Protein chains: 2
Amino acid sequence: MGQGCGATGVGSGLRADAERNRLRIVEAAREVFAEEGIDAPLNEVARRAEVGIATLFRRFPTRDDLVTAVFADRMSAYAAAVDRAHAEPDPWLGFCRYLEQVCAMQVGDRGFTDVMTQSFPRFRSFEAERRRSLDRFGDLVTRAQQAGRLRADFVVEDLPLLLMANAGVVSGMGDAAPDAWRRLVTYLVQAFAAETAEGPVATAQPLPEAPTPRQVARALARVQARAARGPGRAQ
Amino acid sequence: MGQGCGATGVGSGLRADAERNRLRIVEAAREVFAEEGIDAPLNEVARRAEVGIATLFRRFPTRDDLVTAVFADRMSAYAAAVDRAHAEPDPWLGFCRYLEQVCAMQVGDRGFTDVMTQSFPRFRSFEAERRRSLDRFGDLVTRAQQAGRLRADFVVEDLPLLLMANAGVVSGMGDAAPDAWRRLVTYLVQAFAAETAEGPVATAQPLPEAPTPRQVARALARVQARAARGPGRAQ
DNA sequence: CTCCAAGTGGAGTACCTGTTCCGCTTACAG
DNA sequence: CTGTAAGCGGAACAGGTACTCCACTTGGAG
């Protein structure tokens, strides 16, 4: 007698109206998160989706479930970027374009910036993708170094460094100067060039130690812990 | 008959016990702001000062009053740094040291980072000091450029850019990698060197437009507006 | 010592956000 | 068409923070 779940065709297992609401919620969350970051009030998401708050919580019991659903496709794009970079025949150009693309992704979407800089370990579902991307980025680095274009003391951990710096500029400048980040990235790309490292300035001032992978991991975990402690404030 | 205000000696105009409490509050706020940023709950400040919440609000009617009191001396230090830089005989060294000092000030004090990156226009009392510092920094820039050590396309608006980038790294890495910011600053200093700008990489990839002073001002104002709208969240 | 204005602390109010509960509605299988 | 489980919405509860009010205490002038 009536197991109810009709499953009209796909394996969603949701009633048609429920599936429709789910999509409305994700769509609304995409907008809200982009504007206010992933800590935006969920009330607002439900309101914009024209859905009761309970419906939102029923479908996405935790904020992270919602974030995961919202940014899944962007994460794929992030993962795809490194593959595109590998396809580029010129190692240095591939390296530079990758940095620029990744930084560009942080622009105009505060939510994705949050996900990129604080939230990798927070969302388990993204961890595998992130790890793979970083590995592939390592290949990119090696290739550019062997071509003699990227300085030898560049390490993969400089990528999170760049992402955090870029996030600072993006969130600091906001829409008042939406292209300011390009200037930072250009400065840094020039600093990353092998010839810069061989110049007298660089020789006189050696690069300080990069953060270790463990340190980066701890840093990201710390942000996660802070977010867990208090879902408020933060800014 | 009794106008009450004894004024023990200095012009504080406060009763002795009240003055004592004021100091306790500022001291507590200094600690709390350093740890949690300038949006930290004021409850916590009052608790740590062992003072009733009403006392805090009576003495500092707005959060900004408290922030101003807490960071007045640090702002003086910030202003003094540019003078020290001018005293340095080598223009390039003075320029570099200034950048490093200013960035170092953002480390280990989340509150000061907030004040430096979001809050200049928010706190009128600091506006004059900031403007003067930026002017003096402009002299530093000119001097270093005339010495042929600083690239000609460097502009004073690159300083807020650097501060925002640095703030991103400082808050992102936290105490997990407390020295990571040095690596960013070193990269950037090398990028700022004149010889870097003359290299083939820089020539191939010209620097994008810097944000105009107006854009920077608007960016900072925007952050102020957001902070005014909702004293929560942020993080 | 007396007195009172300055000062105090904590309870109270208001607002915001997260999260759950529960009675009502509806899609859809039979 | 009908029954029912899935789904729904909003009220209610909970916790945290900003800010105010007011009855009580106290420094210090005279």
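Residues numbered from 1 in each chain as written. Chains lettered and ligands numbered in written order. Predicted model: local features only at pLDDT ≥ 70, side-chain atom pairs only at ≥ 80, totals over all residues.

Looking at an unreviewed UniProt entry, chain A carries the name TetR family transcriptional regulator, with the source organism given as Humibacillus xanthopallidus.

**Comments concerning the interface of chain A and chain B**
If you look at the interface, chain A gives 47 residues, while chain B gives 46 residues. Considered class by class, the residues forming the side of chain A that touches chain B number 26 nonpolar, 12 polar and nine charged. (Contact = placed C-beta atoms within 7 Å. Nonpolar A, V, L, I, M, F, W, Y, C, P; charged D, E, K, R; others polar.)

**Notes on the packing of helix 1 (residues 16-36) of chain A against helix 2 (residues 42-49) of chain A**
In helix packing, the relevant descriptors are the interaxial angle and the interaxial distance, both defined with respect to the helix axes. All names here are of chain A. Two numbers describe how helix 1 lies on helix 2: the axes approach to 8 Å, and their chain directions differ by 125 degrees. Between helix 1 and helix 2, the crossing angle belongs to the class labelled oblique. Handedness of the crossing formed by helix 1 with helix 2: right-handed. Along the contact surface, helix 1 presents Arg 24, Ile 25, Ala 28, Ala 29, Glu 31 and Val 32, while helix 2 presents Glu 44, Val 45, Arg 48 and Ala 49. Class assignment of the residues belonging to the contact of helix 1 with helix 2 gives a composition of six nonpolar, no polar and four charged. (Axes fitted to C-alpha atoms, helices over the stretch in contact; angles between N-to-C directions. Helix = DSSP H or I, 4+ residues; strand = E, 2+ residues; numbered from the N terminus. Parallel < 35°, antiparallel > 145°, perpendicular 65-115°, else oblique. Left-handed = near helix turned anticlockwise from the far one by under 90°.)

**Observations regarding the relation of the copies chain A and chain B**
Note on the copies: chain A fits chain B at an RMSD of 0.1 Å, the axial shift is 0.0 Å, and the rotation between them is 180 degrees. Taken together, the rotation angle and the small translation identify this as a two-fold axis. Taken as a fraction of all interface residues of chain A, those also at the interface in chain B reach 98%, which identifies the copy contact as same-surface. (Least-squares fit on C-alpha atoms with pLDDT ≥ 70 in both.)

**Here's the deal with the environment of B:Val141**
Residues and elements named next belong to chain B. Along the chain, Val 141 falls in helix 7 (residues 124-146). Judged by the 20 C-beta atoms lying within 10 Å of it, Val 141 falls in the buried class. Non-local contacts of Val 141, meaning those with residues more than four positions away in its chain, are made with Leu 150, Phe 154 and Val 156. (Buried ≥ 20, exposed ≤ 12 C-beta atoms within 10 Å, placed from the backbone.)

**Let's talk about the nonpolar core**
Counting residues in hydrophobic clusters, the biggest one holds 129 residues, and the most contacted among them are A:Val169, A:Leu188, B:Val169 and B:Leu188. Those residues within four positions of A:Val169 in sequence are excluded, and the remaining contacts are A:Ala180, A:Trp181, A:Leu184, B:Leu161, B:Met164, B:Ala165 and B:Gly168. (Core = buried A, V, L, I, M, F, W, Y, C linked by C-beta atoms within 7 Å.)

**Comments concerning the environment of B:Asp65**
Note that B:Asp65 resides in helix 4 (residues 63-87). Judged by the 14 C-beta atoms lying within 10 Å of it, B:Asp65 falls in the partly exposed class.

**Focus: the domain arrangement of chain A**
Residue and element names in this part refer to chain A. Segmenting chain A into domains produces domain 1 (14-61) and domain 2 (64-228). Taking the mean C-alpha position of each, domain 1 and domain 2 sit 30 Å from one another. Tallying the contact residues gives 11 residues for domain 1 and 11 residues for domain 2. Taken together, the residues of the side of domain 1 that touches domain 2 break down into seven nonpolar, one polar and three charged. (Domains from an automatic or database assignment.)

**A closer look at helix 1 (residues 16-36) of chain B**
Three or four residues apart is the spacing at which side chains of an α-helix point the same way, because the helix has 3.6 residues per turn. When the terminal C-alpha atoms of helix 1 of chain B are compared, their 30 Å separation across 21 residues agrees well with the 30 Å that a helix rising 1.5 Å per residue should span. Within two residues after helix 1 of chain B, B:Gly37 carries a phi angle of roughly 90 degrees, on the positive side. (Expected span 1.5 Å × (residues − 1).)

**Here we look at the UniProt feature "domain: HTH tetR-type" (unreviewed entry) in chain A**
The residues that UniProt annotates with the feature "domain: HTH tetR-type" (unreviewed entry) are residues 19-78 of chain A. Taken end to end, residues 19-78 of chain A has its terminal C-alpha atoms 27 Å apart, with 82% of it in helix and 0% in strand. (UniProt positions renumbered as here; feature names shortened; annotations may be inferred.)

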